[in-house]
Amino acid sequence: VAVDIKNETFGVCDANGKFIPESAHRRNNTYRKRAVPHCNPDKVRHIDADAVYCDGGWWVRHFGHLLCEGLNRTYPILDKKYRNCKYVFVLPGNDEIPSYSMEILNLLGIPRENIICAHDSISFNTLYVPTQATDLCAYSSREMADICRTIADNVPDDGEHYDKIYVSRLAMGARKIFGEERIQKIFENNGYHVIYPEQLSVARQISLMRHCKYLAGCAGTALHLALFMRPGG
């Protein structure tokens, strides 16, 4: 895993230091390939383990983009062959994976001790580079559906369910939607239970989505929670 902290560039190189194109992040059917530093495997820190490359960058630190892009390469955890591998996320600088991201990864079945935040170049015995399970604005896949279903299935059932939910942005402060108070009231009058996602635990948010049939709200991160709804929602 080649990491250039100064330029926040990263990717995967083979044993000869050659860049692996599949490790470049793809969005809208285009590889977002930035300059990747030359990597000499003999001069980087080595971890005596097999690992799965899970990409990285700012989308791991943003809740909505974590769901849409940050989980892209994590589906090998659903195959027992890769169950004991390390899962590597590149976070340039000294950033760590946020607690909500860690909670979602744990619900997927990746234990905290198997998650590695790469701040510099690291080599492994074998490094697997999965194809992205989804490409924002281009495609999704069965693997992405399996990721979301597994996370939802692993959330404890707290027994409090609502058929109709409206996700509100009114408690967000600077990022509120002008006029949402009136819109929200219309949904409330039509039987929608209003939630403020940022005031709930991640597990609670996913549990609500897993059991609701109708989800409404203004465009934004909260509506990405629809990934955890059951088919037909």
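None of these values were measured; they are calculated from a predicted model. (Residues numbered from 1 in each chain as written. Predicted model: local features only at pLDDT ≥ 70, side-chain atom pairs only at ≥ 80, totals over all residues. Heavy atoms only, no water.)

## Notes on the overall build of the protein chain
- A tally of helices and strands in the protein chain yields five helices and 11 strands.
- Taken against the 2.2 N^0.38 rule, which gives 17 Å for 233 residues, the C-alpha radius of gyration of the protein chain at 19 Å falls within 12% of a compact globule.
- Overall size of the protein chain, expressed as C-alpha extent along the three principal axes, is 65 × 35 × 30 Å.
- Put simply, the protein chain has 233 residues, and 47% of those count as buried. (Helix = DSSP H or I, 4+ residues; strand = E, 2+ residues; numbered from the N terminus. Rg over C-alpha atoms; globule rule 2.2 N^0.38 Å. Buried < 20%, exposed > 50% of the residue type's maximum accessible area, 1.4 Å probe, protein only.)

## So, unusual backbone geometry
- Even without glycine at this site, Asp55 takes up a positive phi of about 70 degrees.
- As for its position among the elements, Asp55 is in strand S5 (residues 45–56).
- By relative accessible area, which is 1% here, Asp55 ends up buried.

## So, helix H3 (residues 142–153)
- Here H3 contains 12 residues, and its C-alpha end-to-end distance of 16 Å stays within 8% of the 16 Å for a straight helix at 1.5 Å per residue.
- Elements in contact with the buried residues of H3: helix H1 (63–70), helix H2 (99–108) and helix H5 (202–211). (Expected span 1.5 Å × (residues − 1). Contact = heavy atoms within 4.5 Å.)

## Some words on the nonpolar core
- Counting 57 residues, the largest nonpolar core has Tyr87, Phe89, Ile97, Ile151, Met209 and Phe228 as its most contacted members.
- Here the element with the most residues in this core is S5; it accounts for six residues.
- In this view, Met209 contacts Ile165, Val167, Ile195, Leu215, Leu225, Phe228 and Met229; residues no more than four positions away in its chain are not counted.
- Among the nonpolar cores identified, the runner-up in size contains five residues, and Tyr192, Val194, Ala216 and Cys218 belong to it. (Core = buried A, V, L, I, M, F, W, Y, C linked by side-chain atoms within 4.5 Å.)

## Side note on the sheet that holds strand S11 (residues 214–217)
- What the three strands build is an open sheet, ordered S10-S9-S11; its pairing is parallel. At either margin of the open sheet sits one strand with a lone partner, and together these are strand S10 (193–195) and S11. Each neighbouring strand pair of the sheet contributes to a mean axis angle of 25 degrees, computed without reference to strand direction.
- In this structure, strand S9 (residues 164–167) lies alongside S10, joined through three bridges in parallel fashion. Opposite Tyr166, over in S10, you have Val194 as the bridge partner.
- Against the sheet, helix H4 (residues 180–189) contacts S9, S10 and S11, and its axis sits at roughly 175 degrees relative to S9.
- Sitting on the sheet, H5 is in contact with S9, S10 and S11, with an inclination near 135 degrees to S9. (Pairing = 2+ DSSP bridges. Axes fitted to C-alpha atoms, helices over the stretch in contact; angles between N-to-C directions.)

## Some points on the pattern of salt bridges
- Counted according to the given criterion, the structure contains eight salt bridges.
- We note a salt bridge from Arg27 to Glu69, for which the minimum N-O separation is 2.8 Å. Placement of the pair is Arg27 in strand S3 (residues 26–27) and Glu69 in helix H1, with a sequence separation of 42 residues.
- On the accessibility criterion, Arg27 (18% relative accessible area) is buried.
- A salt bridge links Asp158 to Arg204; the shortest N-O distance between them is 2.7 Å. (Salt bridge = Lys/Arg side-chain N within 4 Å of Asp/Glu carboxyl O.)

## Here we look at the packing of H1 against H2
- Direction vectors running N to C along H1 and H2 enclose 35 degrees, while the axes themselves pass 10 Å from each other. The interaxial crossing formed by H1 with H2 has right-handed handedness. In this structure, H1 uses Phe63, Leu66 and Leu67 to contact H2, whose residues at the interface are Tyr100, Ser101 and Ile104.
- Looking at the contact of H1 with H2 residue by residue, the class counts come to five nonpolar, one polar and no charged. (Left-handed = near helix turned anticlockwise from the far one by under 90°. Nonpolar A, V, L, I, M, F, W, Y, C, P; charged D, E, K, R; others polar.)

## With respect to the packing of aromatic side chains
- Inspection of the entire model under this criterion finds four aromatic pairs.
- An aromatic cluster is defined as three or more aromatic residues linked by ring pairs; in this entry it consists of Tyr166, Phe187 and Tyr192. (Phe/Tyr/Trp six-rings, centres within 6.5 Å; stacked < 30°, edge-to-face > 60°.)

## Brief notes about the state of the cysteines
- Summed over all chains, the structure comprises zero disulfides.
- Cys117 forms no disulfide, and the closest cysteine sulfur to it belongs to Cys54, at a distance of 11 Å.
- Not part of a disulfide, Cys212 finds its nearest cysteine sulfur in Cys148, a span of 14 Å.
- Note on Cys212: relative accessible area 4%, which makes it buried. (Disulfide = S-S within 2.5 Å.)

Functional significance is not addressed by these values, which are geometric in nature.
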